[in-house]
Every structure is written in C-alpha cells, then in structure tokens.
Amino acid sequence: MPTGVQITELNVNRGGRSVLTDFTCEIPPGRVTGLLGPSGSGKTTMMRAIVGVQRIRSGTITVLGLAAGDPRLRRRVGYVTQEPSIYADLSVAANVTYFATLYGVGAAEAHTAIGDVGLSEAADQLAGNLSGGQHARASLACALVAHPELLILDEPTVGQDPVLRRDLWQHFHRLAETGTTVLVSSHVMDEAARCDRLLLIRQGRLIADDTPDGLRRTTGETDLEAAFLSLVSRGTDALCRFASRSPPRFASSRNCVTIAARSH
Ligand SMILES: Nc1ncnc2c1ncn2[C@@H]1O[C@H](COP(=O)(O)OP(=O)(O)OP(=O)(O)O)[C@@H](O)[C@H]1O
C-alpha cells in the first residue's frame, strides 16, 4: 500500500482567490519534511487540504494510500493546528488521557506523550493556565498519544525556548526513524536546516523541493534563508529552468514545465 502523501496539480481557492496553484509534491515516510515559506504563502491551507478539511478546486491528494479526508484516515493522521485545540478547563494529563481514550490507547501512553513534549512537571496544571509554548506542547502530546502514521504539525515550535525546540526536533526525527511521515511547517528559515527535506512555498506555489544541502548547492548559498531569497530573486522562470535540468529537485508543475519548454 502506498505510504506518505502524494499531491498532484492541487489548486485551492479561499475567499474567492487562488491560494494554492498547481501544487505537486510527495511527502515520503520516514523523513521530516519541512514546509517553509513566508506568512500567508499557503502552508496552513496545504495542511488543511492533506487532512481533508479544506475544499479544493482541482487536483488529487493521496494520504497513506487513500483519498484525503477518507474516514479511515481519522485514526492514522495526527494534525496539530496553530490554534488552541485542547480543553482549557482540564489539566494537561486529563486532556491527553481523554485523547488516549478516544484513540483506544492506555493511560501509560498518555504519560509517555506528556514526557515526550517536556510537560511532566505541568501535567496537573489546568490547560487554561499554561503559557503559549506549554499550550502548544500539550496539543502536540494529544496528537502524539495515538502514534499516528502521518503527523502534520503547523508551526509547532513557535514560542518554544531553544532547548525545547531542539528536543522537539529530535523527537520528530525519532518518530520519522520509526517510519512516521512527518510534515512540519515554519516561516522561520533557521528551522529549515533541521529538516531532512524541504518544500519551499511562495505565494501558493512550490518553488523548491530538495534537501537542505541540495538547496545550498543549487543556489551557491550556505545560509538557507539566503538560498530562499536567491530562489525568489531568480524568479519562476529561472526555477523552471532548474527543473528541466534536475527534475527531482525542483517542482515540476504543469506551469513550470510549460515555462521551461519556452526557455529552451
Ligand atoms: N478563511 C479564509 N478565507 C479567505 N482567505 C483565507 C482564509 N484563511 C486564509 N486565507 C488566505 O489564504 C492565504 C494562505 O493562508 P495560509 O493560512 O494558508 O498561509 P500560511 O502560509 O499558513 O500563513 P502563516 O505562516 O501566517 O500561518 C492567505 O492569503 C490568507 O489571507
């Protein structure tokens, strides 16, 4: 059975305008894939589409071998949104235990998930009294407790201190090593180096699909933020010429291929 996520020619409109355009990519299992791009570039929209809560205009999204949104995926996909998604009037432990019960796993799993996000000492604290960073980690624990095969995390490290950020990224990689498909969004380019693969998105279009090292090589930049800016300044036409030379590295949407053909 196919694993990971395959997205083909995805187009999404929101508020009457296009926010994802001809988006084609694969998100493989066993890797931490970063979805990086500026605020408003379409990261959350793409994640919503993968989870099946976003109406799409056209294209296909296959998740763990099923169409996005298939009810059979509910237990297999974990999604942590940017917005609060836990009960403010319950303790951290009660929240995570509640989700553990929903997913049919035991209290021991809840205990482990709380430890994995560094919240053991706050386990008895009301969720409503947590700091922003603690709140985000409590939401993450609720998703981790079910051991999802696909984990989608929308800016999970916002508000975390450097030590916790490092620990969370290490945990994402441990999950990937066990075969989990992990997709993490960020608009902070210094997080890009922590990913195995990068999908760079700008104004709803995929502008690069590469490893951090591949991106550095292609752009001649050592810093990934500079690499992103270099891609932007070269513009779509240049990107598409890269695509024609090196198909696996860069997006090859219908639009890209058309422009690449014109540039020859
Ligand atoms: N409910 C909505 N109705 C109309 N337009 C929307 C809605 N939500 C988002 N948009 C628009 O869709 C575009 C993509 O938004 P999205 O939230 O996917 O971006 P993002 O990359 O996740 O941003 P951020 O990093 O700030 O979270 C933006 O232009 C945004 O204004």
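These figures come from a predicted structure and were not determined experimentally.

Let us now look at the overall build of the protein chain. From N to C terminus, the protein chain includes eight helices and ten strands. Taking all 264 residues of the protein chain together, 48% fall into the buried category. Considering only contacts in the protein chain between residues 6 or more positions apart, those separated by 24 or more positions represent 65%. Counting only carbon and sulfur atoms, one obtains 50% of the accessible surface of the protein chain, whose full area is about 12,300 Å².

So, about the site of the ligand. Near the ligand there are 14 residues, and of these Arg 17, Ser 39, Gly 40, Thr 44 and Thr 45 occur at the shortest range. Thr 45 has a polar side-chain atom sitting 2.6 Å from an oxygen atom of the ligand. A distance of 3.1 Å separates an oxygen atom of the ligand from a polar atom in the side chain of Gln 82. Taking 630 Å² as the accessible area of the ligand by itself, protein coverage stands at 65%. Examining the composition of the shell around the ligand, we find that three residues originate from one element, helix H1 (residues 43–51), more than from any other.

A word on the UniProt feature "domain: ABC transporter" (unreviewed entry) in the protein chain. UniProt's entry tags residues 5–228 with the feature "domain: ABC transporter" (unreviewed entry), counted in the numbering of this structure. Summarising residues 5–228: 32% helix, 27% strand, and an end-to-end C-alpha distance of 24 Å.

In this section: the sheet that holds strand E10 (residues 205–210). Read from one edge to the other, the open sheet built from six strands follows the order E6-E7-E8-E3-E9-E10, with strand pairing classed as mixed. A single partner strand is all that each edge strand has here, and the edge strands are strand E6 (77–80) and E10. Averaged over all adjacent pairs, the angle separating strand axes in this sheet is 15 degrees, with direction ignored. The pairing of E6 with strand E7 (residues 150–154) spans four bridges and is classified as parallel. Bridge pairing links Val 77 to Leu 150 in E7. Docked against the sheet, helix H5 (residues 162–177) engages strand E3 (32–36), E7 and strand E8 (181–186), running at close to 150 degrees with respect to E8.

Looking now at the nonpolar core. Membership of the largest hydrophobic core comes to 45 residues, with the highest contact counts inside it found for Val 96, Leu 140, Phe 172, Leu 198, Leu 200 and Leu 215. The element that contributes the greatest number of residues to this core is helix H4 (residues 132–144), accounting for six residues. If you count residues domain by domain, this core takes at least three from each of domain 1 (1–70 + 162–174 + 183–236) and domain 2 (77–147). Filtering out sequence-adjacent residues up to four positions away, Leu 215 remains in contact with Leu 198, Leu 200, Ala 208, Asp 210, Leu 224, Ala 227 and Leu 231. The next biggest cluster of nonpolar side chains, apart from the first, holds 26 residues, and it includes Ile 27, Leu 35, Val 77 and Leu 150.

Here E3 lies mainly inside the structure; five of its five residues are buried. Here E3 shows two buried faces, one formed by Val 32, Gly 34 and Leu 36 and the other by Thr 33 and Leu 35. Sheet analysis places E3 next to E8, joined by five bridges and oriented parallel. In the strand pairing of E8, Leu 35 is matched with Ser 185. For E3 and strand E9 (residues 197–202), the ladder comprises four bridges, and the chain directions are parallel. In the sheet register, Leu 35 faces E9, and the bridge partner there is Leu 199.

Another point: the packing of helix H2 (residues 92–102) against helix H3 (residues 107–116). Running from N to C, H2 and H3 cross one another at 125 degrees; their axes reach a closest spacing of 9 Å. Taken together, the axes of H2 and H3 are oblique relative to one another. Note on packing geometry: the crossing formed by H2 with H3 is right-handed. Between H2 and H3, the contacting residues are Val 92, Ala 93, Val 96, Thr 97 and Ala 100 on the first element and Ala 110, Ala 113 and Ile 114 on the second. Among the residues forming the contact of H2 with H3, the class breakdown is seven nonpolar, one polar and no charged.

This paragraph deals with the environment of Pro 29. Tracing the chain through its elements places Pro 29 in the loop between strand E2 (17–27) and E3. Through-space distance from the C-alpha of Pro 29 to that of Gly 4 is 4.9 Å; in sequence the pair is 25 residues apart.

All right, on to a nonpolar patch on the surface then. A cluster of nonpolar residues, Tyr 87, Tyr 98 and Leu 102, forms a patch on the protein surface that exposes about 290 Å² of accessible area. Relative to the assigned elements, Tyr 98 resides in helix H2. Accessibility expressed as a relative area gives 36% for Tyr 98, which makes it partly exposed.

So, how was this worked out
Chains are numbered independently. Their residues run from 1 in the order of the written sequence. Note on the predicted model: pLDDT of at least 70 is required for a residue's local features to be given, and 80 or more for side-chain atom pairs to be given and counted; whole-chain, interface and lining totals, by contrast, use all residues. Processing note: side-chain calculations cover all non-hydrogen atoms of the structure and skip hydrogens and water entirely. Each helix is a run of DSSP H or I of at least 4 residues and each strand a run of E of at least 2, with the numbering of both proceeding from the N terminus. Relative accessible area decides the class of each residue, using a 1.4 Å probe on protein chains only: under 20% of the type maximum gives buried, over 50% gives exposed, and in between gives partly exposed. Here, two residues are considered to be in contact whenever any of their heavy atoms come within 4.5 Å of each other. Using a 1.4 Å probe, accessible areas were evaluated by the Shrake-Rupley method; residue-level cover was limited to the displayed protein chains. Proximity is defined per residue: any heavy atom of the residue falling within 4 Å of a molecule or strand makes that residue near it. Pairs of N or O atoms within 3.5 Å make up the polar contacts considered here, provided that, within protein, one atom can donate a hydrogen while the other can accept it, and that residues adjacent in sequence are counted only when both atoms are side-chain atoms. UniProt positions are given in the numbering used here, feature names are shortened, and annotations may be inferred rather than shown by experiment. DSSP-based pairing: two strands are paired if at least 2 bridges between them are found. Axis definition: a line fit to C-alpha positions, over the contact stretch in the case of helices; interaxial angles, taken between N-to-C directions, run 0 to 180 degrees. Joining through side-chain atoms within 4.5 Å is the link that ties buried Ala, Val, Leu, Ile, Met, Phe, Trp, Tyr and Cys residues into a set, and such a set is a nonpolar core. Reported domain spans reflect what an automatic or database domain assignment gives. Put simply, angles under 35 degrees are roughly parallel, angles over 145 are roughly antiparallel, angles from 65 to 115 are roughly perpendicular, and the rest are oblique. Handedness of a crossing follows from how the near helix is turned relative to the far one, being left-handed for an anticlockwise turn of less than a right angle and right-handed for a clockwise one. Only Asp, Glu, Lys and Arg are considered charged in this grouping, and only Ala, Val, Leu, Ile, Met, Phe, Trp, Tyr, Cys and Pro are considered nonpolar; every other residue, Gly among them, is considered polar. Every patch collects residues that have over 30% relative accessible area and no salt bridge, joining them within 9 Å if they carry like charges and within 5 Å if they are nonpolar side chains (Val, Leu, Ile, Met, Phe, Trp, Tyr). Each salt bridge in this description consists of a side-chain nitrogen of Lys or Arg and a carboxyl oxygen of Asp or Glu lying within 4 Å of one another.

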